[in-house]
Amino acid sequence: MEEVQVEEEVKERLDLDKEKKLAELTKTAVSSVQHKLKTGSAMSDASIAKHQAAVDAVSAVLNDPSVSDDEKTMAQHYMDQLDLVKDKIDNGGAPMPWMDAYEVTATKMVTKQIPVPDGEPEPGTLAATVRKASRIQANLDPATGQTSWDGVTRASAKGTEYEIDMGDGWTAVYRPYKDNDPKNTEYSLRGQLEVHAPAGAGHGKDLVDRLEQLHLMNKPMTAAEGEWTYLSNNIQAQGLEGSAGMKAAMETAQGLQDLQVQEIVHQRMESLMGLDSDALQTAMKRIHLEASHKVLPMKVEVVRDAVAKASGFASGAELAASPGYEPTPSTSGKWLTWTRFDVTGKKAEIQNAFKGRSLTHNLNGGELASLLGTGVLASTEKRAVMGIGGGIGMSEQADKMTGGANSVFLRVKKTPSQPGGGRLIWDDPSVLMQRSDYYAYNGDHYGAINPAHHNYNAGAITRDPMKIAKFSGSSNEIMFRNGIDLLGAEAPSRIVCHTAAERSTILASLTSRGITTLGGKPVEDVLCTADDYDS
């Protein structure tokens, strides 16, 4: 690839909008009122004041005779949004659609990466094309539950991706961190990789082999080696990154890998010296992968000791022998999840902390029968790959920018005695709180993990289950990565149907698929209706 200056049409906000912060003020008003609409709460004085502040700022622009026609159109765009907010303040109703900032199209000189003129990649690399980010546009057959994709059709997204030609009909699509500024691209796509095989089945083994082309480790891990992911997840989940000795342990682990590379190179020096530059680059990449694979058990031992000491154990061996230590992942839906030993080892304490409280998810408009047909409560990003159309989540577009689109959202609530229909309820939150991939806010932040987004709050985000158990905000949110398996060990304790007919339809569907229990309980005891709780 090479960098070139090209003229390109870009969308951007007007300078006056940025100066007066009209988009920010309007979005603040929308978000504040949206919280109340989602929870059914009464409008607060603070929400009304935020709306009025936005109206005052927008009105000042509309009433200024010196502004241009474009600027007046921009201000009217925000006033239309604020009129809708005012209607919701006065009358309530369903949540509002996500509000986009007003943007105009302008032609500018921008720097882009394009393939070099001769199209030949550098030795040891693959040919790539930079293009606008996109998603697979798949289709889900409701009758069979099967997802299919024609191999071509894609939906547009905000950001940049590389299309990489791997040869023989294989391609990869990667969204690089460097080229996707979190301020104006979809954060939930950053770092994601797709690998596309030629049409047809039976490419599994070849896929694994081809990961080496992308310089990714592709040898199967043993259980001991897989413990690395478990430890990494627990370090993040328990906030152990800054613990005494943790940084030194990570540096030691990296040093072990560097030494392993040197050792392999020394062993093979004679054969390496006979290679030309292209072959040498390829050989060195493979040596790095081999070293990473070989040294992983040693890295695990070093980091396990550090994690043990940071969490109150005398040694890594003592930690590994403790009852809550389970490095083997579980399958949830079609993805893997790892547990956290500070929860699995103290299940009774977690249950006591959540006493009288449950985790809940209220379907915004999706149907229970369709949801249970797929068997998973899936994130916005996972739904896109599954071929499930948009408009199901409360704030899908906003969540793509905050990073929340990679997770599903639950709430902590007082255990409902008279729940409405269309709800999933986990009366024993420890079932899900043992996972290591969740984070939470005691308020509605659109699941923000994007530090550049205005909804992100580093001081408010938490992964501590004991703090989450005490959440009091009516719009609190707990985000679980990828999704939740509704038909396996993570199944809810109650699935509240709208009507008896809906319950019968779901029950028949589950029975026909051989599903008789959910989370260890008979399906008949899990499926219920709102009428079952009438006083």
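Predicted model, so just to flag it, every value in this text is computed and none were measured.

Chemist: Even after reading the chapter, I still don't get the overall build of the chain, so can you show me in this structure?
Modeler: Broken down by element type, the chain carries 19 helices and 21 strands. In terms of its C-alpha atoms, the chain occupies a principal-axis envelope of roughly 80 × 65 × 50 Å. Buried positions account for 41% of the 535 residues belonging to the chain. Taking all contacts inside the chain whose residues are at least 6 apart in sequence as the whole, residues at least 24 apart take part in 74%. Accessible surface, the chain as shown: approximately 27000 Å² in total, 51% of it carbon and sulfur.

Chemist: Just checking my understanding: could you explain the state of the cysteines for this structure?
Modeler: Simply put, the disulfide is a covalent bond whose two ends are the sulfur atoms of two cysteines. By the definition in use, this model includes zero disulfides. With no disulfide partner, Cys497 has as its closest neighbouring cysteine sulfur the one in Cys528, 6.8 Å distant. The class of Cys497 is buried, set by a relative accessible area of 0%.

Chemist: I tried to follow helix 4 (residues 69-91) on my own but got confused; where do I start?
Modeler: Three- or four-residue spacings in an α-helix give side chains the same orientation, since the helix completes a turn every 3.6 residues. Taking 1.5 Å of rise per residue, the 23 residues of helix 4 would be expected to cover 33 Å, and the 33 Å separating its terminal C-alpha atoms lies within 8% of that figure. Buried residues along helix 4 sit against helix 1 (15-20), helix 2 (22-39) and helix 3 (45-62). Once helix 4 ends, the next one or two residues include Gly92, with phi positive near 70°.

Chemist: Help me out: how do you make sense of the pattern of salt bridges in this one?
Modeler: Two side chains that carry opposite charge are able to pair once their charged atoms sit near each other. With the rule as written, the count across this model stands at 23 salt bridges. Note that Asp342 is salt-bridged to Arg340, the shortest N-O span being 2.9 Å. Judged by its relative accessible area of 2%, Arg340 is buried. Of the charged contacts, one joins Arg383 and Glu396 as a salt bridge, the two residues approaching to 3.0 Å between their closest N and O atoms. In this pair, Arg383 is assigned in helix 14 (residues 380-386) and Glu396 in helix 15 (residues 396-402), connecting sequence segments 13 residues apart. Note on Arg383: relative accessible area 12%, which makes it buried. Where salt bridges share partners, they join Arg131, Arg154, Glu161, Glu163, Arg175 and Glu194 into one cluster.

Chemist: What is the right way to look at the pairing of strand 14 (residues 423-426) in this model?
Modeler: Look at any regular strand and the pattern is simple: side chains alternate between the two faces of the sheet. Looking at chain direction, strand 11 (residues 357-362) and strand 14 are connected through four bridges and run antiparallel. Following the sheet pairing, Leu359 is matched in strand 14 by Trp426.

Chemist: Teacher, can you tell me more about the packing of helix 2 against helix 4 here?
Modeler: Packed helix pairs are specified by the crossing angle of their axes together with the interaxial distance, meaning the distance between the axes. Where helix 2 meets helix 4, the closest approach of the two axes is 10 Å, and the angle between their N-to-C directions is 20°. One element, helix 2, and the other, helix 4, form an angle in the roughly parallel class. For the pair helix 2 and helix 4, the sense of crossing is left-handed. In this structure, helix 2 uses Leu22, Ala23, Thr26, Ala29, Val30, Val33 and Leu37 to contact helix 4, whose residues at the interface are Met74, Tyr78, Gln81, Leu82, Val85, Lys88 and Ile89. Classifying every residue of the contact of helix 2 with helix 4 gives eleven nonpolar, two polar and one charged.

Chemist: Even after reading the chapter, I still don't get unusual backbone geometry, so can you show me in this structure?
Modeler: Keep in mind that most residues, glycine aside, have a negative phi and that most peptide bonds are trans. In this structure, His215 is a non-glycine residue whose phi angle is positive, near 60°. Along the polypeptide, His215 turns up in the loop between helix 5 (204-210) and helix 6 (223-237). The phi torsion at Asn482 lies on the positive side, around 70°, for a residue other than glycine. Checked against the element boundaries, Asn482 lands in the loop between strand 16 (477-481) and strand 17 (483-485).

Chemist: Where do I start with the side chain of Asp485 in this structure?
Modeler: In this structure, Asp485 sits in strand 17. Of the side chains with opposite charge, Arg435 comes closest to the buried, unpaired Asp485, at an N-O distance of 8.6 Å. At a separation of 3.0 Å, a polar atom in the side chain of Asp485 contacts the main-chain amide nitrogen of Leu487. Non-local contacts of Asp485, meaning those with residues more than four positions away in its chain, are made with Thr331, Ser332, Gly333, Gly375, Val376, Glu490 and Ala491.

Chemist: Is there a simple way to explain the environment of Ala489 in this structure?
Modeler: Relative to the helices and strands, Ala489 is located in the loop between strand 17 and strand 18 (494-497). A relative accessible area of 70% means that Ala489 is categorised as exposed. When the C-alpha atoms of Ala489 and Val385 are compared, they prove to be 24 Å apart, with 104 residues separating the residues in sequence.

Chemist: Would you mind showing me how to read the sheet that holds strand 18 here?
Modeler: Neighbouring strands of a sheet are bound in pairs by backbone hydrogen bonds; such pairs are parallel or else antiparallel. Strand order in the open sheet made by the seven strands is 15-16-13-11-14-18-21, with mixed pairing throughout. The outermost strands of the open sheet, each flanked by one partner alone, are strand 15 (439-441) and strand 21 (527-529). Averaged over all adjacent pairs, the angle separating strand axes in this sheet is 30°, with direction ignored. Sheet strands touched by helix 18 (residues 500-512): strand 18 and strand 21. Its angle to strand 21, the strand with the most contacts, is close to 170°.

Chemist: Even after reading the chapter, I still don't get the sheet that holds strand 8 (residues 193-196), so can you show me in this structure?
Modeler: Ordered by their spatial adjacency, four strands build an open sheet running 3-6-7-8, and the pairing between neighbours is antiparallel. Each edge of the open sheet carries a strand with a single partner, namely strand 3 (127-136) and strand 8. In this sheet, neighbouring strand axes are inclined to one another by 30° on average, regardless of whether the strands run parallel or antiparallel. Two elements, strand 6 (residues 154-167) and strand 7 (residues 170-174), share five bridges in a ladder whose sense is antiparallel. Paired with Ile164 across the two strands is Ala172, which belongs to strand 7.

Chemist: Looking at this structure, how should I read the packing of aromatic side chains?
Modeler: Aromatic ring pairs are defined here through the distance separating the ring centres and the angle between the ring planes. Per the counting criterion, the structure on display carries four aromatic pairs. Ring centres of Tyr230 and Tyr325 lie 4.9 Å apart, and the angle between their planes is 90°; on these two criteria the pair is classed as edge-to-face. Taken together, the residues span a long stretch of sequence, with Tyr230 in helix 6 and Tyr325 in the loop between helix 10 (316-321) and strand 9 (330-332) at a distance of 95 residues. As far as burial versus exposure is concerned, Tyr230 and Tyr325 are alike and both buried. Taking the centre distance of 6.0 Å and the plane angle of 40° together, the rings of Tyr325 and Phe341 count as tilted.

Rules used throughout
- Residue numbers here run from 1 along each chain, matching the order of that chain's written sequence.
- Thresholds applied to this predicted model are a pLDDT of at least 70 for local features of residues and 80 or more for the giving and counting of side-chain atom pairs; totals over whole chains, interfaces and linings are not thresholded and use all residues.
- The side-chain values count all of the structure's non-hydrogen atoms but skip hydrogen atoms and water molecules.
- Numbering goes from the N terminus for both helices and strands, where a helix is a DSSP run of H or I of at least four residues and a strand is a run of E of at least two.
- With a 1.4 Å probe rolled over the protein chains alone, any residue whose accessible area is under 20% of its type maximum counts as buried; one over 50% counts as exposed, and the rest are partly exposed.
- Should any heavy atoms of two residues lie within 4.5 Å, those residues are counted as being in contact.
- Shrake-Rupley sampling with a 1.4 Å probe provides the accessible areas, and residues are treated as covered by the protein chains on show and by no other component.
- We call a pair of cysteine sulfur atoms a disulfide when they lie within 2.5 Å.
- One fewer than the residue count of a helix, multiplied by 1.5 Å, yields its expected span.
- We define a salt bridge as a contact between a side-chain nitrogen of Lys or Arg and a carboxyl oxygen of Asp or Glu at a distance within 4 Å.
- We call two strands paired when DSSP finds no fewer than two bridges between them.
- Helix axes are fitted only over the stretch in contact, all axes being lines through C-alpha atoms; the angle between N-to-C directions runs from 0 to 180 degrees.
- Should an angle fall under 35 degrees it is taken as roughly parallel, and over 145 as roughly antiparallel, whereas 65 to 115 is taken as roughly perpendicular and any remaining angle as oblique.
- By the definition used in this description, the sense in which the near helix is turned from the far one sets the handedness, with an anticlockwise turn below a right angle giving left-handed and a clockwise turn giving right-handed.
- Throughout this entry, Asp, Glu, Lys and Arg are counted as charged residues, while Ala, Val, Leu, Ile, Met, Phe, Trp, Tyr, Cys and Pro are counted as nonpolar. The remaining residues, Gly among them, count as polar.
- Lys and Arg are tallied as positive, Asp and Glu as negative. Neither His nor the chain termini are counted.
- We call two N or O atoms a polar contact when they sit within 3.5 Å, provided that within protein one can donate a hydrogen and the other can accept it, with sequence-adjacent residues counted only if both atoms are side-chain atoms.
- The aromatic pairing rule takes the rings of Phe, Tyr and Trp, using the six-membered ring of Trp, and pairs them if the centres are within 6.5 Å, calling planes under 30 degrees apart stacked, those over 60 edge-to-face and the rest tilted.

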